[in-house]
Amino acid sequence: MTGNDTRDAAYKSLKPLENTIAAAIGNKQVVIKPNAGVVAPQHRHEVTDVNQLRGILDFLKPIYDKQVIVAEGSASQAVSMQYGFEEYGYTALKREYNVKLSDANDP
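Quick notes on the rules
- Residues numbered from 1 in each chain as written.
- Predicted model: local features only at pLDDT ≥ 70, side-chain atom pairs only at ≥ 80, totals over all residues.
- Heavy atoms only, no water.
- Core = buried A, V, L, I, M, F, W, Y, C linked by side-chain atoms within 4.5 Å.
- Buried < 20%, exposed > 50% of the residue type's maximum accessible area, 1.4 Å probe, protein only.
- Helix = DSSP H or I, 4+ residues; strand = E, 2+ residues; numbered from the N terminus.
- Contact = heavy atoms within 4.5 Å.
- Phe/Tyr/Trp six-rings, centres within 6.5 Å; stacked < 30°, edge-to-face > 60°.
- Salt bridge = Lys/Arg side-chain N within 4 Å of Asp/Glu carboxyl O.
- Axes fitted to C-alpha atoms, helices over the stretch in contact; angles between N-to-C directions.
- Parallel < 35°, antiparallel > 145°, perpendicular 65-115°, else oblique.
- Left-handed = near helix turned anticlockwise from the far one by under 90°.

For soluble globular proteins, the rule of thumb is that nonpolar side chains tend to be buried together. Membership of the largest hydrophobic core comes to 22 residues, with the highest contact counts inside it found for Ile32, Val68, Tyr90, Leu93 and Val99. Put simply, the parts of the chain that give this core at least two residues each are α3 (50-60), β2 (68-72), α4 (81-87) and β3 (99-103). The biggest single contributor to this core is α3, with 5 residues. Beyond its immediate sequence surroundings of up to four residues, Leu93 is in contact with Val50, Leu53, Arg54, Leu57 and Val99.

Below you can see the structure in the form of structure tokens.
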């Protein structure tokens, strides 16, 4: 999918697969694992854009009514993933969707 709107492109790329994805999900827990493990402002261009996650969540909303987990772990012990969620704008997703942000490094 091409375009300048990351959110819209993510949504449109999944839409043709809606029936297949809905069937595959069934009663399973949906977990989205973005690429955001290197936490630092200079790495912002390397991580999954928050609007791409919004497009995925927009797509899931009518076919999945449970909480979606967004899970990522920091590649560095010195930086918490909570800081990364804030740095990359992911914390706004908790207000906008039924989303839980999970640090994949937590026991």
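Back to the text.
Turning our attention to the packing of aromatic side chains. Following the criterion strictly, the structure yields 3 aromatic pairs and no others. Centroid distance Tyr11 to Phe59: 6.4 Å. Interplanar angle 70 degrees. Geometry classified as edge-to-face. Of this pair, Tyr11 sits in helix α1 (residues 6-14) while Phe59 is found in helix α3, placing the two residues 48 residues apart along the sequence. An aromatic cluster of three or more residues is present, and its members are Phe85, Tyr88 and Tyr90.

Here the focus is the pattern of salt bridges. Within the structure shown, the criterion is met by 5 salt bridges. Salt-bridge contacts for Asp8 lead to Lys12; the nearest nitrogen and oxygen are separated by 3.0 Å. With Asp8 and Lys12 both in helix α1, this residue pair falls 4 residues apart, about one helical turn. Among the residues examined, Asp8 registers a relative accessible area of 32% and is labelled partly exposed.

Right, let's get into the packing of α1 against α3. Direction vectors running N to C along α1 and α3 enclose 40 degrees, while the axes themselves pass 7 Å from each other. Taken together, the axis directions place α1 and α3 in an arrangement best described as oblique. α1 and α3 meet at a crossing whose hand is right-handed. Counting all contacts with α1, which are made through Thr6, Arg7, Ala10, Tyr11 and Leu14, the residues of α3 involved are Asn51, Gln52, Arg54, Gly55, Ile56, Asp58 and Phe59.

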